[in-house]
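# Descriptive analysis of the structure
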Amino acid sequence: MGLSTAAGLTYDGPRFEAIFGDFIEKYRFQDMYPGGFYPFGSFEERWAYWSRYIWCNRYVRAPGTAYDNLLSLVRDKDHFVLTTNVDHQFQLAGFDGRRLFYTQGDYGLLQCSVPCHRQTYDNERLVRDVIEAQGYVIAADGALTLLEGARPAMSVPSELVPRCPVCGRPMAMNLRSDDTFVEDEGWHAAVARYQDFRRRHQRGRVLSSPLRRRRGWYACRCRPSDSCAVPYA
């Protein structure tokens, strides 16, 4: 999360308070993370929380320039990014998805919570519907607004709670939190691309520079020119 935090995707403070004020008032959450693990009393309330969490961190581009600055350093070099980030900010900044391996999942994907099969599903349309069902209006830039004087609903209609199309069980986020994490075809394709990158450069000089921050780690590799020193994320 370090690079995303540097780019302005903070999980506490004014940004958190503006989006989750009602949940803060009810549950006294200090930042976004506790709500992601909180045992809400219903799936309807859980998805009211998670839809906001996903939207503001996955479908809205970070306001800062950290990702843009990094891209400007590696754009013209053969590079590959390994990241535990799950917020898609590399792609939103313009990084080539074929040069990325986000090992821990993606806020933009759902999976069966069991899981009964090894497939993931895009969630943007669902998340939009769930957000709007709480009374929010989604602006062109992704910002969430309410009608003057309105308060957002803290639960959503039962028919919007995502369920597995195969077994009917509740869907879960495709995030590596336990042994139910689904490594789908896209995940394995990214592994293969990274292994190919390593094979192509196994006899050359490769700069590998991990960047460690408070909540995660990020690593990127590239084949530099003689004078290149590229910080990776």
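Read on for an overview of the structure. (Residues numbered from 1 in each chain as written. Predicted model: local features only at pLDDT ≥ 70, side-chain atom pairs only at ≥ 80, totals over all residues. Heavy atoms only, no water.)

### What to know about the packing of aromatic side chains
Scanning the model with the defined rule gives 25 aromatic pairs in all. With a centroid separation of 4.9 Å and 85 degrees between ring planes, the pair formed by Y67 and F90 is classed as edge-to-face. Residue Y67 is located in helix α5 (residues 66–74), and its partner F90 is located in helix α6 (residues 89–92); the two are separated by 23 residues in the primary sequence. Taking relative accessible area as the criterion, F90 reaches 2% and is therefore assigned buried. With a centroid separation of 5.2 Å and 75 degrees between ring planes, the pair formed by F101 and W187 is classed as edge-to-face. With F101 in strand β2 (residues 100–102) and W187 in helix α8 (residues 185–200), this pair connects stretches of sequence that are 86 residues apart. For F101, a relative accessible area of 7% gives the class buried. (Phe/Tyr/Trp six-rings, centres within 6.5 Å; stacked < 30°, edge-to-face > 60°. Helix = DSSP H or I, 4+ residues; strand = E, 2+ residues; numbered from the N terminus. Buried < 20%, exposed > 50% of the residue type's maximum accessible area, 1.4 Å probe, protein only.)

### Examining the pairing of strand β3 (residues 105–112)
When you tally the buried positions in β3, you get eight out of eight residues, the bulk of the element. Summarising the sheet, β3 and strand β7 (residues 171–175) pair through five bridges and their orientation is antiparallel. Residue L110 lies in a different strand from β7, and its bridge partner there is M173. Two strands pair when backbone bridges link them, and β3 and strand β4 (residues 120–122) are joined in this way by three bridges, in the antiparallel orientation. Opposite L110, over in β4, you have Y121 as the bridge partner. (Pairing = 2+ DSSP bridges.)

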